[in-house]
Amino acid sequence: MGSIVKPMFGNSLTMIGSNIAGLFFVWSTLKRYFPRQIQQLLLNAIQRVPILKKLLDKIHDFLSPYAHISFSEIEECRFNFAYAAVKTYLGAKVNSGVKNLKGNQLKENTSLDLKRDDVTIEEEYEGVTMCWEILKCAKGKKICKLTFHRSNWDVVTGSYLSYVMEEGRSIEARKKKVKVYMNNPSLHWKHHTKGLWTSVDFEHPATFDTLAMDIEKKDEILSDILDFRDGKEYYDRIGKAWKRGYLLFGPPGTGKSAMIVAMANLMKYNIFDLELTSIENNWELKKLLISTTSKSIIVIEDIDCSLDLTGERNGKDVKGDKEGKKKKTLTLSGLLNFIDGIWSACGQERIIVFTMNHLEKLNRALIRRGRMDMHIELSYCTFGAFKILVKNYLNLDSHPLFGEIESLLKETKITLADVAENLMVQDLQTEVDGSLNGLIRALEIIKWSQKLKADGQHNKEITQI
Ligand SMILES: Nc1ncnc2c1ncn2[C@@H]1O[C@H](COP(=O)(O)OP(=O)(O)OP(=O)(O)O)[C@@H](O)[C@H]1O
Ligand SMILES: [Mg+2]
């Protein structure tokens, strides 16, 4: 976490003590006979001689009743997350007594973000004074340094630091901008894990509130995902990796992608949108998945269209080296091995979501329980789902045309995307009735075309007999 400078103690304490007493004697004699300017010159000269400076620092350290803990931005060539949490915590200490602040608005139409901009910050914690300094070292490396009285060692290491870290992390989580990552073709990969993914800020407003589906089903999914989010202790206790798989299936336009967006916005998890068609082999797949971070949702959309995943697990696999490296082969087996093996052993707090249109097309191995923990069917629009859509789009709780729409919805298969299309209006004052009537017409057309189709099918069957 941070590096701790502890006070120096040892057997040679008496010896050091007498040396220091000697030095003090010399220093007080010099002070008595030399004017202040000369004293300063002397001190500067000492500072310039490394060995004397070191000695002076050591004496200072020995005599000082204070201890320091430093949180460096970079530790062992890697970014130090403890530094980030401390920095966020200190930045958020904004109140009317603060004199130096900085304001950020990194995106248009977002609120102004005020942060404390002091290089020294002092605060009281359980009656103990904590002094923070934000320093910039050579090569621009930044450090947050805490100074406190040594007698408060237990308070600092016992609870204060955990409090700072937790506060910092929870502020970071609240302010976190969700990102969506897309995999690049291996052609663009640079060395190590660079260039595997391209990211953009994720700014989709869909949430579980705007998601239109039957309320009981929505609550079931919501509570499952919230249990997962808060389930660290549970997963630790049962010895299972803290991961969850959701399989979303249903016709196009029924809200599979909308649900992924709602999940990401709820959890504030980044999305890794894995495009299987641009992956050449199992080795590339493994590399991509390993480089995903925790607190993320890995999405494989339309899995039934992206790959031939219908074959037997080992049937269509390749002969080649163990990892399928350099072979043009991305297989069902590769995906399953990853989900069962490395996936469960590396990283935590990850969700994997598969979406597909036809559940029956998929190999059972891929969707057996344990791999995909929850199967969620998203189907055509019901009246319950319609009521959520109409509230979102037209701000309506009831309307005389609802009865007619309810009975038409029972007889037709219309996607939520199609219903939503009909409910999009410019002016809520004048266009509501028109849009509901438009929906009724659309439902009637679908109803008749479905009836004609069914009749045609029926006649065909009779002819065949
Ligand atoms: N359940 C829903 N709640 C709210 N809006 C929805 C819902 N389903 C669909 N929509 C609307 O329809 C649009 C298309 O839906 P979405 O992309 O989620 O469908 P999909 O099931 O992922 O389709 P596909 O199988 O083609 O990928 C959404 O942008 C949204 O406007
Ligand atoms: Mg989709």
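Everything that follows concerns the structure shown earlier in this document.
Let me begin by describing the structure that accompanies this report. What you see is a predicted model, and the numbers here were worked out from it, not measured in a lab. (Residues numbered from 1 in each chain as written. Chains lettered and ligands numbered in written order. Predicted model: local features only at pLDDT ≥ 70, side-chain atom pairs only at ≥ 80, totals over all residues. Heavy atoms only, no water.)

## Description of the sheet that holds strand β14 (residues 296-300)
For clarity, the threshold we go by: One bridge is not enough; two strands pair if DSSP finds at least two bridges between them. Every helix listed is a DSSP run of H or I at least four residues long, and every strand listed is a run of E at least two residues long, numbered separately from the N terminus. Convention adopted: a line fitted to C-alpha atoms gives each axis, helices being fitted over their contacting stretch, and angles between N-to-C directions are expressed from 0 to 180 degrees. When checking whether two residues touch, look at their non-hydrogen atoms; a contact exists if any pair is within 4.5 Å.
The seven strands lie next to each other as β11-β10-β13-β14-β15-β12-β16, forming an open sheet whose pairing is mixed. Edge positions in the sheet fall to β11 (197-201) and β16 (374-377), since each of these pairs with one other strand and no more. Neighbour-to-neighbour, the strand axes of the sheet open up by a mean angle of 20°, direction not taken into account. Contacts from helix α8 (residues 256-267) reach β12 (243-249), β13 (270-273), β14, β15 (350-356) and β16 within the one sheet, and its direction differs from that of β15 by about 170°.

## A short note on the site of ligand 1
Definition in use: Being near a molecule or strand, for a residue, comes down to having at least one heavy atom within 4 Å of it. Pairs of N or O atoms are called polar contacts if they sit within 3.5 Å, as long as, within protein, a hydrogen donor faces a hydrogen acceptor (for residues adjacent in sequence, only side-chain-to-side-chain pairs). Only the protein chains shown count as cover for residues, and the accessible areas themselves come from Shrake-Rupley with a 1.4 Å probe. When residue character is reported, Ala, Val, Leu, Ile, Met, Phe, Trp, Tyr, Cys and Pro are called nonpolar, Asp, Glu, Lys and Arg charged, and the others, Gly included, polar.
Near ligand 1 there are 16 residues, and of these A212, G253, K256, S257 and A258 occur at the shortest range. The separation between a nitrogen atom of ligand 1 and a polar main-chain atom of A212 is 2.8 Å. Contact between ligand 1 and N357: an oxygen atom at 3.3 Å from a side-chain N or O atom of the residue. Here ligand 1, which alone exposes 620 Å², has 73% of that area covered by the protein. Of all the elements in the fold, those that place two or more residues in the shell around ligand 1 are α8, α14 (383-394) and α16 (416-422). In terms of residue class, the shell around ligand 1 is built from nine nonpolar, six polar and one charged.

## A word on the environment of Y125
Basically, it comes down to this: When accessible area is computed with a 1.4 Å probe and restricted to protein chains, residues below 20% of their type maximum are described as buried, those above 50% as exposed, and intermediate ones as partly exposed.
Tracing the backbone through its elements, the reader meets Y125 in strand β7 (residues 120-125). A relative accessible area of 13% places Y125 in the buried class. Considered as a pair, Y125 and Y160 are 35 residues apart in the sequence and their alpha carbons are 7.2 Å apart. The contacts of Y125, once residues within four sequence positions are left out, are M130, V155, S159, Y160 and Y163.

## Notes on the pattern of salt bridges
The following threshold applies: Every case where a carboxyl oxygen of Asp or Glu lies within 4 Å of a side-chain nitrogen of Lys or Arg is listed as a salt bridge.
The tally for this structure, following the rule as stated, stands at eleven salt bridges. One salt bridge in this structure joins R244 and D224, with 2.8 Å as the shortest N-O distance. Taken together, the residues R244 in strand β12 and D224 in helix α6 (residues 215-229) connect sequence positions 20 residues apart. A salt bridge links D373 to R244, with the shortest nitrogen-to-oxygen separation between them at 3.7 Å. Remark: R244 occurs in strand β12 and D373 occurs in the loop between α13 (364-367) and β16; sequence separation between them is 129 residues. The burial state of D373 is the same as that of R244; both residues are buried. When salt bridges with common partners are traced through the structure, they connect D224, K240, R244 and D373 into a single cluster.

## A few points about unusual backbone geometry
The backbone phi angle of E126 is positive, close to 45°, even though this residue is not glycine. If you trace the backbone, E126 turns up in the loop between β7 and β8 (128-136). Its relative accessible area of 60% is what places E126 among the exposed residues. One non-glycine residue, K295, lies in the positive phi region at around 55°. Mapped onto the fold, K295 is located in the loop between α9 (282-290) and β14. Among the residues examined, K295 registers a relative accessible area of 38% and is labelled partly exposed.

## What about the nonpolar core?
Quick reminder of the rule: Here the nonpolar core consists of buried residues drawn from Ala, Val, Leu, Ile, Met, Phe, Trp, Tyr and Cys, with membership extended through side-chain atoms lying within 4.5 Å.
Core analysis: the biggest nonpolar cluster contains 30 residues, and Y246, M259 and I351 have the highest contact counts within it. Those elements that provide at least two residues to this core are α6, β12, α8, β14, β15 and β16. The biggest single contributor to this core is α8, with seven residues. Those residues in contact with M259 that sit more than four places away from it in its chain are F208, L211, M213, I221, L248, I376 and L378. Ranked by size, the runner-up nonpolar core spans 26 residues in total, among them L394, I414, L423 and I446.

## A look at helix α15 (residues 402-411)
Our working definition: Regarding the arc, it is the one traced by the directions from the helix axis to the C-beta atoms.
Those residues of α15 not exposed but buried are F402, I405, L408 and L409. The buried residues of α15 occupy an angular sector of 125° when the element is viewed end-on, so they sit on one face.

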